[in-house]
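Spelled out, the chains give:
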Amino acid sequence: MSAFPEISKIKFEGRESKNNLAFRYYDENEMVEGKPMRDHFRFSCAFWHTMRASGSDPFGAGTMYRPWEDGTDSIANAQNRVRVFFEICEKLNLKYFSFHDRDIAPEGLTLAESNNNLDEVVKVFKEESDRTGIKLLWGTSNLFGNPRYMHGAATSCNADSFAYAAAQVKKMLEVTKELDGLGYTFWGGREGYQCIWNTDMKREADHLAQFMHMAIDYAKEIGFTGQFYFEPKPKEPTKHQYDYDCAACINFLRTYDLQDYVKMNIETNHATLAGHSVEHEMDYAGSQGFLGSVDANSGDMLLGWDTDQFPTDVYMTTKMMLILLKYGGFKTGGLNFDAKVRRESFEPIDLFYAHIGGMDAFALGLKIAAAMRASGEIAEMVKDRYSSWDSGIGAEIEAGKHNFKSLSEYMLQKGEISPCSSGHQELFENIVNRYMF
Ligand code: XLS
Ligand code: NI
Ligand code: NI
């Protein structure tokens, strides 16, 4: 039975279309830089937001009108929800999805019961995934909702919390493998601390690394070959999350010898909470060889918390696509809409408007980024800015032909640096606007 009989598959109608249930820029088959648009994005739908966000906030109860829900925590209701989810993905032409264990199936009274509940719901995921070809981009575990994780999971002061979390991740790796999932994401739900007085930071970091190694070992054991991701977030829920930003995460991975197994899953709103921008985080991760996947959303700069809004800012999507193209695009990852409709947008149809807007914003961003790359104008200006490194002393330094002594001699002889050209930031910005509009 269809939950949206009045909505047919969302089609590409072109930029002149006034149909709010059509794509104006996202034409999945359009070739950009030799690849169809769909392969550039690998758009993914987040189950937790799309199906489970109730609209509640610290000041009030849920607001969402979801007529397919029967109001119970039953397996039947959870299974039916999966079918509705796939109808939404199919109609929106989203080819991938992501979920946490506890979003999709109710937590039981015991771990064994929770595992069974999960199996019951995963059956339907398998059916629907086989029927539609829509695939699991990555799975993850909710290691933060239950009170047993009040002090964190892998970084908890309570060894039993660590053990319980390990059991949950073990099961989720099996489930992810069963669904032929392409990856598994670690997000440190509560892996951080509130108060330095009661915290042994070194011990907690060591435990987190041990936990990741155990996950990797188990993946090998069961033959799960998907990509592991680490998702940075600087705060919320704890004051100091250990996975603050890409720089902190990559340092952690390298320190604990995890760099060969884990890449970054970068979320826009988390980047801004860290005082960065998503393009900064993507470029940093890409430059270090850790660009894995992206949780596409956006925040509200005036609110300063993880509002997980749908991304519609085309400047931002243009920068994101430019960086993604620079590093050769997604290999295993994709653009996962880790985004939810506003509390006031309670009608089911808002789920469609939201995803259409996000997909179109990225399609437009990709086209603009590709046009910028095709002309090469901006790249040439950047290259020119660094031209002192292309010959003479710069080229010699890059080739490893110098040391402090020889550079001191060079400068003593030369006396003063050769002037270089202006940064031309305003000119760069003007040129960008020429491509935007
Ligand atoms: C929360 C995170 C979370 C991860 C998956 O802020 O974004 O949703 O993406 O656990
Ligand atoms: Ni996320
Ligand atoms: Ni988030």
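Residues numbered from 1 in each chain as written. Chains lettered and ligands numbered in written order. Predicted model: local features only at pLDDT ≥ 70, side-chain atom pairs only at ≥ 80, totals over all residues. Heavy atoms only, no water.

Listed as protein donors to the nickel ion (ligand 2) are Glu231 (OE), Glu267 (OE), Asp295 (OD) and Asp338 (OD); their distances from the metal cover 1.9 to 2.1 Å. In this model, the nickel ion (ligand 2) sits 4.2 Å from the nickel ion (ligand 3), the two metals being bridged by Glu267. With a gap of 43 residues between them, Asp295 in strand E13 (residues 291-295) and Asp338 in the loop between strand E14 (335-337) and helix H12 (349-375) connect regions that are remote in the sequence. Across the pair, Asp338 and Asp295 agree in class, each one buried. (Donors = N, O, S within 2.8 Å, 3.2 Å for Na, K, Ca; no water. Helix = DSSP H or I, 4+ residues; strand = E, 2+ residues; numbered from the N terminus. Buried < 20%, exposed > 50% of the residue type's maximum accessible area, 1.4 Å probe, protein only.)

What follows concerns the coordination of the nickel ion (ligand 3). Bound to the nickel ion (ligand 3) are the protein donor atoms Glu267 (OE), His270 (NE2) and Asp306 (OD), situated 2.1 to 2.3 Å from the metal. Taken in sequence order, the residues that donate to the nickel ion (ligand 3) follow the motif E-x2-H-x35-D.

The subject of this paragraph is the environment of Asn116. Structurally, the position occupied by Asn116 is in helix H5 (residues 111-132). Considered as a pair, Asn116 and Ala105 are eleven residues apart in the sequence and their alpha carbons are 9.3 Å apart.

One can find Asp160 in helix H6 (residues 159-178). Separated by 156 residues in sequence, Asp160 and Met316 place their C-alpha atoms 43 Å apart.

Glancing now at empty space enclosed by the protein. Using the criterion set out here, one finds one cavity of 30 Å³ or more in the structure. For the largest cavity, the calculated volume is near 120 Å³. Lining the largest cavity are 16 residues, and of these Leu143, Phe186, Trp187, Gly188 and Glu191 sit closest to its centre. Listed by contribution, the elements that provide at least two residues to the lining of the largest cavity are strand E8 (183-187) and helix H7 (201-222). (1 Å grid on protein atoms, 1.4 Å probe; cavity = no way out; pocket = protein on both sides within 12 Å on 5 of 7 lines; lining within 4 Å. Points joined across faces, edges and corners; volume = space filled by probe spheres on them.)

Size it by volume and the largest pocket reaches roughly 1,200 Å³. Around the largest pocket, the lining comprises 47 residues; the ones closest to its centre are Trp48, His49, Asp306, Asp308 and Lys340. Secondary structure elements with two or more residues in the lining of the largest pocket: helix H2 (47-52), helix H3 (75-92), helix H4 (101-104), strand E7 (135-140) and E8. Top contributing element to the lining of the largest pocket by residue count: H2, with three residues.

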